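Each chain, written out:
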Amino acid sequence: MPTLLVRDATLLVTMDEQRREIAGGGLFARDGVIEAVGTRDALPSTADEVIDARGQVVIPGLVNTHHHFYQTLTRVVRPAQDAELFGWLRTLYPIWARLTPEMAFVSTQTAMAELLLSGCTTTSDHLYLFPNGVRLDDTLEAAAQIGMRFHAARGAMSVGESRGGLPPDAVVEDEAAILADTQRVIERWHDPDRHAMQRVVVAPCSPFSVSRELMRDAAALARATGVSLHTHLAENDNDIAYTREKFGCTPAEYAEQLGWVGRDVWHAHCVKLDAAGIALFARTGTGVAHCPGSNMRLASGIAPIRAMRDAGVPVSIAVDGSASNDSGHLLAEARLALLLQRVAHGPSALSARETLEIATRGGAQVLNRDDIGRLAPGCSADLASVPLDEIGLAGAGHDPLAALFFCHVPRVRHTVVGGRVVVRDGQLVPIDLPRLLERHNRLAAVLAA
């Protein structure tokens, strides 16, 4: 069984139950699972793979809980640059309708490469369009090649414009076919075991693109098969107005009516979640994926993350799709989360350490996992190291953890997933990144044209 030794970090941040921060810290892992954490004298002297972490901060691998990988192909599309959510979607739906299986595969690897280079080791992706033969399998096969821990959300849209929905009829699916294919991918790909690399999530897209019946049937399917549920909820004022007009209730009430609350459920955005909704989510353990960059870009508002955390709602951080952010850098996203809460609620609204907790342990909790998000014995050996020798971190040595979020967004030196080094010395290991980007940009040009 392969072993990994990380040693002599300037600071190793465990995010364990005691939230230990170990100067000169390191860890030892065997077969992708951590066996020991501590200083040099508490660890073996060698291993199959040794990372010298001197001059670096080592943190648990970050966890991204909401993305749309295919949107890396449509960054900064000009007609959508200055639109709010609904106008942005209406502009991009016809472009996304030309998505192909190759585009889904390549955009998955591009998005994952960007995340890995930002210290993210686990990600979810919400794919809800399946034109031209695209399957969720395209993203799962791409992920297996690159070696990132992956929760693939089988999204869906079933209510087109002719039935009062937002998307064009050309990009919606039959609901029986949606449920049948979701069952298929769960049986083919879902791994419920601890330390699993790939899981499947049931994920109808949003209240304005699917029916009540599909939401209810999807929840039943997820519970019958033991997988999680995910969707968009309460993203902006138009989203709230649509739910009130069509269903006569708030988004939180809508979710509760259809069985979309519980520890196996998480919702993206929740910018407009009201006090009653926050209380409901806290009471039921329903999670939230906070997407500050996208919420700012689309002028959706500031999600009440401080109130959610104070109430006990599980909160995580996510980059959202790369056509509404338009970045996929999770450390940068975490920095935005910290700063945006302070804009809304004052300088003590969110600390650097709480931000890291949300981006690690919070993500693990939202994804319903107890094996990631912390560096502790029995957990997956998922971690990232950040060098402290950059000019943007000069003078911040008295608190290198806080420097990750208050100073300029740093580069990652190493990223490890399941004990396997996937970023070494700032370079992606599993695939040829320049060749991938050339292919990706060529496909993006075809899609836009």
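Our structure is the block above this text.
Let me begin by describing the structure that accompanies this report. (Residues numbered from 1 in each chain as written. Predicted model: local features only at pLDDT ≥ 70, side-chain atom pairs only at ≥ 80, totals over all residues. Heavy atoms only, no water.)

1. Observations concerning the overall build of the protein chain
Our working rule: We count a stretch as a helix when DSSP gives it H or I for four or more residues in a row; a strand needs E for two or more, and each element gets its number in order from the N terminus. C-alpha atoms define the radius of gyration in this analysis, and the globule rule sets the expected value at 2.2 Å times the number of residues to the power 0.38. Only protein chains enter the accessibility calculation, which uses a 1.4 Å probe; a residue is then buried when its area is under 20% of its type maximum, exposed when over 50%, and partly exposed in between. Where accessible areas are quoted, they stem from the Shrake-Rupley method and a 1.4 Å probe; at the residue level, only the protein chains shown are allowed to cover. For the purpose of counting charges, residues Lys and Arg are taken to be positive, whereas Asp and Glu are taken to be negative. His and the chain ends are not included. Charged groups are reduced to one reference atom each: NZ for lysine, CZ for arginine, CG for aspartic acid, CD for glutamic acid.
The helix and strand tally for the protein chain stands at 14 helices and 19 strands. In terms of C-alpha radius of gyration, the protein chain reaches 21 Å, essentially the compact-globule figure of 22 Å for 449 residues. By principal-axis analysis of the C-alpha atoms, the protein chain measures approximately 65 × 45 × 45 Å. A total of 449 residues make up the protein chain; the buried ones form 62% of that total. For the protein chain, the exposed area adds up to about 15700 Å²; of that, 51% sits on carbon and sulfur atoms. Positive and negative side-chain charges of the protein chain, numbering 42 and 52 respectively, have mean locations separated by a distance of 2 Å.

2. Here's the deal with the sheet that holds strand β4 (residues 25-30)
Two pairing modes exist for strands in a sheet, parallel and antiparallel, and in both the strands are linked by backbone hydrogen bonds. The following threshold applies: DSSP calls a pair of strands paired once it identifies at least 2 bridges connecting them. A fitted line through C-alpha atoms represents every axis, and for helices the fit uses only the stretch in contact; the resulting angles, taken between N-to-C directions, go from 0 to 180 degrees.
Judged by pairing direction, the sheet is mixed, and its four strands sit side by side in the order β5-β4-β1-β6 without closing on themselves. Of all strands in the sheet, those with a lone pairing partner are β5 (33-39) and β6 (49-52), marking the two edges. If you compare each strand with its neighbour and ignore which way they point, the axes differ by 10° on average.

3. Things to note about empty space enclosed by the protein
Which entries qualify depends on this criterion: Site definitions follow a grid-based scheme: protein atoms alone, a 1 Å grid, a 1.4 Å probe that fits but cannot get out for cavities, and for pockets an open set with protein on both sides within 12 Å along at least five of seven lines, plus lining residues having an atom within 4 Å of a point. Grid points are joined across faces, edges and corners, and a volume is the space filled by probe spheres set on the points. Following the grouping adopted for this structure description, the nonpolar residues are Ala, Val, Leu, Ile, Met, Phe, Trp, Tyr, Cys and Pro, the charged ones are Asp, Glu, Lys and Arg, and the polar ones are all others, Gly among them.
Using the criterion set out here, one finds three cavities of 30 Å³ or more in the structure. Quantified by volume, the largest cavity comes out at close to 110 Å³. Taken together, 15 residues line the largest cavity, and the ones lying closest to its centre are L85, L89, Y128, H232 and E235. A total of four residues in the lining of the largest cavity trace back to one element, the largest contributor, which is helix α1 (residues 85-96). Split into classes, the residues belonging to the lining of the largest cavity amount to seven nonpolar, six polar and two charged.

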